[in-house]
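Listed below are the residues making up each chain.
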Amino acid sequence: MNEIDIVRAVTEEGYQISPQAVELIKLNNSPKSLLKYILSTVGDCVFVIEPEHVNLKGFESSKTVSRIISGTSPGTVSQMAPCKISSSALEPADSHILKAFDPASDALTESGLISNVEPDVVSSAEVSDSNLEIEPDILSFQGSVSDSIPDSISDSIPDSISDSIPDSIPDSIPDSVSDSIPDSVSNPVYPSASSRGVDRPASSFFGNEGSPSTSNRLYREDSLFSNQINSFPSSSRDEGVRYLPGRNPVTVLSDITGHSTCVGEYMQFVQYFRDRYSRLSEIIRGRMNARPIESLKRRSFRRGTDGNTEEISIIGMVSDISTTTNGHKIFSIEDPTGSFSVLIRNSDKELFELASQLLLDEVIGVTGSVTNDGKLMMATKILQPDVPNSVQRRTGSHGKAVLISDVHVGSSQFLEDSWLDFLDFLKGESDSEEMREIAAQVRYLVVAGDLVDGIGIYPDQEMELDIQDVYAQYRKAAEYFREVPEHIHVIISPGNHDAVRQAEPQPALPERICADFPANVTFVGNPALVDLDGVRILIYHGRSIDDLVASVPGVSYQEPAGAVLEMLKRRHLAPTYGSRVSISPEKKDYFIIDPVPDIIHTGHVHTLGVQRYKNVLLVNSGTWQAQTEFQKRVNLMPVPARVPVVDLANFDVKILAFD
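Residue positions are given per chain, counted from 1 along the sequence in the order it is written. Local features in a predicted model are, by the rule used here, given only for residues with pLDDT of at least 70; side-chain atom pairs are given and counted only at 80 or more, and totals for whole chains, interfaces and linings are based on all residues. As a rule here, side-chain values come from all non-hydrogen atoms in the structure, and water together with hydrogens is ignored.

## Structural notes on the overall build of the chain
- Helix and strand counts for the chain come out as 20 helices and 22 strands.
- Accessibility here uses a 1.4 Å probe with only protein chains present; expressed as a share of the type maximum, an area under 20% marks a residue as buried, one over 50% as exposed, and anything in between as partly exposed. Considering the chain as a whole, with its 659 residues, one finds that 55% of them fall into the buried category.
- Of all intrachain contacts in the chain linking residues separated by at least 6 positions in sequence, the fraction that spans at least 24 positions is 71%.
- Note that accessible areas follow from Shrake-Rupley with a 1.4 Å probe, and for residues the cover is restricted to the protein chains shown. For the chain, the computed accessible surface area is about 27,900 Å², with 47% contributed by carbon and sulfur atoms. Helix and strand definitions follow DSSP, with helices as H or I runs of at least four residues and strands as E runs of at least two, each counted in order from the N terminus. Whether two residues are in contact is decided by their heavy atoms, any of which lying within 4.5 Å being enough.

Below you can see the structure in the form of structure tokens.
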């Protein structure tokens, strides 16, 4: 086991490791077993595995336990031919994802996604029979050894040894990557587009064929889909829901902050797309009885007495879109078992219009008949995940939430006078009695990104900055927010101008910046799903609006809520991978809109838009920045100093002007 293998296994589990610890593991007689032991015993508070975490004495004790269990010590288990154990503990870590692609598990097996099960596998209940010998390697692979040891055996293990048996592998995932990781791992090169190549092989989303390199293919077979004893189980930390009590409580339901695991390896892209497909296809599957794509290639489609073939349904991710010489639409969709081509005739106006709005990488369901040669589906229906018609608006909350974005503190175009009028409004110091009445009901202030203008975001930006230092920009912003009344709970999410990574999902602003802000400010990532005392609001800065404006007919910067509506239909905030939005391939796709929120709040494009769709309120707030030279060049006309105020009881929206 070399250094790269050790680093890869450690980073896959979400930890970092120092070069000294790597050397200690590599020099051991059983480096792979030692590494498993370290990963299973390291504490939740550990971010970097150091030499002091390499407990060689404890490792030797655990090996002694394995020998006792296997029968090498007298008086434990009678010697018989070994057999394997069938138990959920022995399944690959991603088996729950594989099962999501059922109903045709035989298709998955034949496609190579699931290894064939050996015929001599027995159930875990049979292990308790004292006539069976248990393979030590199988037991040491499990997260918890003691759970699989029969009582008669475990009682005979001395306390001094049983105390050293490792607990389950901790789900601790840090948010950073060690400096000791080689450049090929710690400085990944993200592909600019994942799905635009015409020659992309079938099922490239899911890693079945056409992997980018032989080494990647070998690694994939050895870790993600393999049932081999020596493979490292994949772990993921369950997101802890963060509850912030008080007069105006906030519950953070979903947020990347503290949960990022991405180092840019090939398998992480596969996991990202598998998670997207699994969750979105499950939504569609509730409204469509679909079959795996591979099953279409293994059967003949004969015409009935009426001359028509039977209609079938499949669910897949759009991998290619083109137009035929006759003006018909043809696109390819993929699922984990294969890919298939679908044709939309231009004579079917309604369906053709829907097909014209399809985006690469979105997940859809298609119903139609397959041609006699089994190579093409003639579609009669396209189904997007969408929001169900039965979604109910929640009631029972009270007060108001103020939604803003794109403050751009530090810019020479920052509208400070308008901003100070806004702060006076929040403090109840407006000249208008109506405005003072509204201010008295404000409980929350939500900022959807671009709190400051940042540095080096667009060409010649430094020519339009009043504050040249990004940390000074945040200090000035903190001064402003200290004027917000303490009873108003402020939630701030980052955007593409903020001092966090550009790849989305973005974590919350770093502690060095947050420390300057008052106690009533809560920082979350981008995107983030939060609950404001019973009202769920999905906060997303909205960088993908650029992609939707460029790709979906009828979507424009002047009506930004229309772009958010297209996100909602697809149940995804950034459907196309590898376009204008840089997306980090995390184990979980944080852009999926599930559950359906009450409000989606976006910004980014500096224009104001409010729309309702199936009881979901869509709000794109404006900006506090006048038109910049860059915006003039791209013909973007901002709508500054306009503030949407949402009544949390009935979701009515009132727009306040501070210009």
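## Considerations on the confidence of the model for the chain
- The score called pLDDT rates the predictor's confidence residue by residue, from a low of 0 to a high of 100. When pLDDT is averaged across the chain, the result is 77; 70% of the residues are at 70 or more.
- Segment residues 72–203: pLDDT under 50, and 245 contacts once partners within four positions in sequence are set aside and those in other chains are kept.
- Below pLDDT 50 for its whole length, residues 209–238 participates in 79 contacts with residues either more than four positions away or in separate chains.

## Comments concerning the packing of helix α14 (residues 416–426) against helix α16 (residues 470–481)
- Think of each axis as a best-fit line through the C-alpha atoms, taken over the contacting stretch in the case of a helix, with angles from 0 to 180 degrees between the N-to-C directions. Where α14 meets α16, the closest approach of the two axes is 11 Å, and the angle between their N-to-C directions is 35°. Along its contact with α14, which presents Glu416, Trp419, Leu420 and Leu423, the element α16 presents Lys476, Tyr480 and Phe481.
- Residues are grouped as follows: Ala, Val, Leu, Ile, Met, Phe, Trp, Tyr, Cys and Pro are nonpolar; Asp, Glu, Lys and Arg are charged; all remaining types, including Gly, are polar. When the residues that make up the contact of α14 with α16 are grouped by side-chain class, the tally is five nonpolar, no polar and two charged.

## Some words on the pairing of strand β20 (residues 616–620)
- Burial of β20 is extensive: five of the five residues sit out of reach of the surface.
- Of the two faces of β20, the one carrying Val616, Leu618 and Asn620 and the one carrying Leu617 and Val619 are both buried.
- Strands pair, by our definition, only if DSSP identifies at least two bridges between them. Direction of pairing for strand β19 (residues 609–613) relative to β20: antiparallel, over a ladder of five bridges. The partner of Val610 across the bridge, within β20, is Val619.

## Re the sheet that holds strand β11 (residues 376–383)
- Strand order around the closed barrel formed by five strands is β7-β8-β9-β11-β10, with mixed pairing between neighbours. With strand direction ignored, the average angle separating the axes of adjacent strands in the sheet is 55°.
- Strand direction decides the pairing type here: strand β9 (residues 338–344) and β11, joined by three bridges, are parallel. Directly across from Ser341, in β11, lies its bridge partner Leu376.
- Across the sheet, helix α12 (residues 266–285) lies against β7 (312–323), β8 (329–335), β10 (363–370) and β11, angled at about 125° from β7, the strand it touches most.
- Sitting on the sheet, helix α13 (residues 349–356) is in contact with β8, β9 and β11, with an inclination near 85° to β11.

## What to know about the environment of Leu351
- Within the secondary structure layout, Leu351 lies in helix α13.
- For the pair formed by Leu351 and Lys381, sequence separation is 30 residues and the distance between their alpha carbons is 6.9 Å.
- Once you skip the residues sitting within four places of it in the chain, Leu351 turns out to touch Ile344, Ala379, Thr380, Lys381 and Ile382.

## Focus on a negative patch on the surface
- Here a patch means residues that are over 30% exposed by relative accessible area and free of salt bridges, tied together within 9 Å if like-charged and within 5 Å if nonpolar (Val, Leu, Ile, Met, Phe, Trp, Tyr). By definition here, a salt bridge exists when the distance from a side-chain nitrogen of Lys or Arg to a carboxyl oxygen of Asp or Glu is within 4 Å. Think of it this way: Lys and Arg go in the positive column, Asp and Glu in the negative one, and His and the chain ends go nowhere. The atoms used to mark charge sites are NZ of Lys, CZ of Arg, CG of Asp and CD of Glu. Residues Glu416, Asp417, Asp421, Asp431 and Asp466 make up a contiguous surface patch of negative charge.
- Take Asp466: it is sitting in the loop between β13 (442–448) and α16.

## Observations regarding the sheet that holds strand β14 (residues 489–493)
- The six strands are arranged β15-β14-β13-β12-β21-β22 in an open sheet whose pairing can be described as mixed. Edge positions in the open sheet fall to β15 (521–523) and β22 (653–657), since each of these has one partner strand only. Going from strand to strand, the sheet's axes swing by 25° on average, the running direction of each strand aside.
- In this fold helix α15 (residues 433–440) packs onto β12 (400–404), β13, β21 (642–647) and β22, with an angle of close to 125° to the strand it touches most, β22.

## Overview of α14
- Of all the residues in α14, the buried ones are Ser418, Trp419, Phe422, Leu423, Phe425 and Leu426. Within α14, the buried residues cover an arc of 155° as seen down the axis, which keeps them to one side.
- Tucked into the core, α14 has its buried residues touching β12, α15, β13, α16, β21 and β22.
- Directly beyond the C-terminal end of α14, a positive phi value near 75° is found at Gly428. What the arc covers is the set of directions going from the helix axis to the C-beta atoms.

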